[in-house]
Amino acid sequence: MQKKRVAIQGTRASFHEEAAFKFFGEDIDTIECESFKRTCDVLKQKQADYVVMAIENSIAGSLLPNYSLLREYNFPIVGEVYLAIQLHLLALPGVKFEDIKYVTSHPIAIRQCSDFLDDFPDLQVIESSDTAACAKKIREENLTDTVAIANNLAAELYGLEVMERRIESNKKNYTRFLILTNKADDSVAYNKASLSFQVGNSVGSLAQVLNILSDHNINLSKIQSMPVLGKRNEYNFYVDIEWKNQPDYDAAIRKVLKYTVNFTIMGEYTKNDKV
């Protein structure tokens, strides 16, 4: 049986690959991509079967550019995965803390470790595009004066030692990832959906939609708005909803259609919010 081909933004052993392992298991072919847009292009060209895409972080918030990609490419969302973000200080084996001059990682990871880094003002912080790529560079270039902030998967893959464990400031940090594919599987049971739509610019227009959801026992777990490009005072709303009874969902969708414009069901999938 052919392995699932999963496109991720970043390098192997990044948090995206860790999320892919958590959702699919480790027996996959990981396709490294330099950007989120590239992951979508790879899926569009059928060089991958799935994309794992970060959509929000409990500290940094929503990744707004990725909402634009979801709308542009219109791939079905077929799953979600929540991943606890645990950040460690990684170095080549044998390196002592007093030898370190540089700390490198993704800007968001660096910010999430600010309390730890503030205790060592002499260390020069260098931003990079990917946490795992920093770990890989230390191994490939044999950097004995540099440490990376990355996950345990990167330490294992690139043969680095964990010099300091769990240096993130907030120990309850998590990222939510979406699973995208070319074609949704209608046979899978679902109890969660991601929708996008616009409403008229009049009093109560959004409230009408939200009241319909409430009246049908639909839980609104997230709402995000983004301006419609080139149109003042017009917004795309992105919402995640959950339900227990399928008829409630079906009825709510039929009614919501009457009060929205450019309504799209971006995906129907099984709720999977265990961190």
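Residues numbered from 1 in each chain as written. Predicted model: local features only at pLDDT ≥ 70, side-chain atom pairs only at ≥ 80, totals over all residues. Heavy atoms only, no water.

> Run through the overall build of the chain, naming residues and quoting values.
Helix and strand counts for the chain stand at nine helices and 15 strands. Projected onto its principal axes, the C-alpha coordinates of the chain cover approximately 65 × 45 × 35 Å. Within the span of the chain, comprising 275 residues, buried residues form 47% of the whole. Put simply, of all contacts in the chain between residues at least 6 apart along the chain, 74% involve residues at least 24 apart. Per element, the accessible surface of the chain, about 14200 Å² overall, is 47% carbon and sulfur. Separation between the mean location of the 32 positive side-chain charges and that of the 37 negative ones in the chain comes to 6 Å. (Helix = DSSP H or I, 4+ residues; strand = E, 2+ residues; numbered from the N terminus. Buried < 20%, exposed > 50% of the residue type's maximum accessible area, 1.4 Å probe, protein only. Contact = heavy atoms within 4.5 Å. Areas by Shrake-Rupley, 256 points an atom, 1.4 Å probe, with all protein chains shown as cover. Lys, Arg positive; Asp, Glu negative; His and termini not counted. Charge placed at Lys NZ, Arg CZ, Asp CG, Glu CD.)

> Outline the sheet that holds strand β14 (residues 235-242), supporting the account with residue identities and numerical values.
Ordered in space as β13-β14-β12-β15, the four strands form an open sheet in which the pairing is antiparallel. Each edge of the open sheet carries a strand with a single partner, namely β13 (219-227) and β15 (261-269). The mean angle between the axes of side-by-side strands here comes to 15°, regardless of whether they run parallel or antiparallel. Relative to β15, strand β12 (residues 192-198) is paired through six bridges, and the arrangement is antiparallel. (Pairing = 2+ DSSP bridges. Axes fitted to C-alpha atoms, helices over the stretch in contact; angles between N-to-C directions.)

> Before we move on, can you summarise the packing of aromatic side chains with the specific residues and values?
With the rule as written, the count across this model stands at twelve aromatic pairs. Measuring from ring centre to ring centre gives 4.9 Å for Phe23 and Phe24, while their planes differ by 75°; the resulting arrangement is edge-to-face. Judged by relative accessible area, Phe23 falls into the partly exposed class, the value being 31%. Residues Tyr82 and Tyr174 carry aromatic rings whose centres are separated by 5.5 Å and whose planes lie at 50° to one another, so their mutual orientation is tilted. Here Tyr174 lies in strand β11 (residues 174-181) and Tyr82 lies in strand β5 (residues 77-84), a separation of 92 residues in the sequence. (Phe/Tyr/Trp six-rings, centres within 6.5 Å; stacked < 30°, edge-to-face > 60°.)

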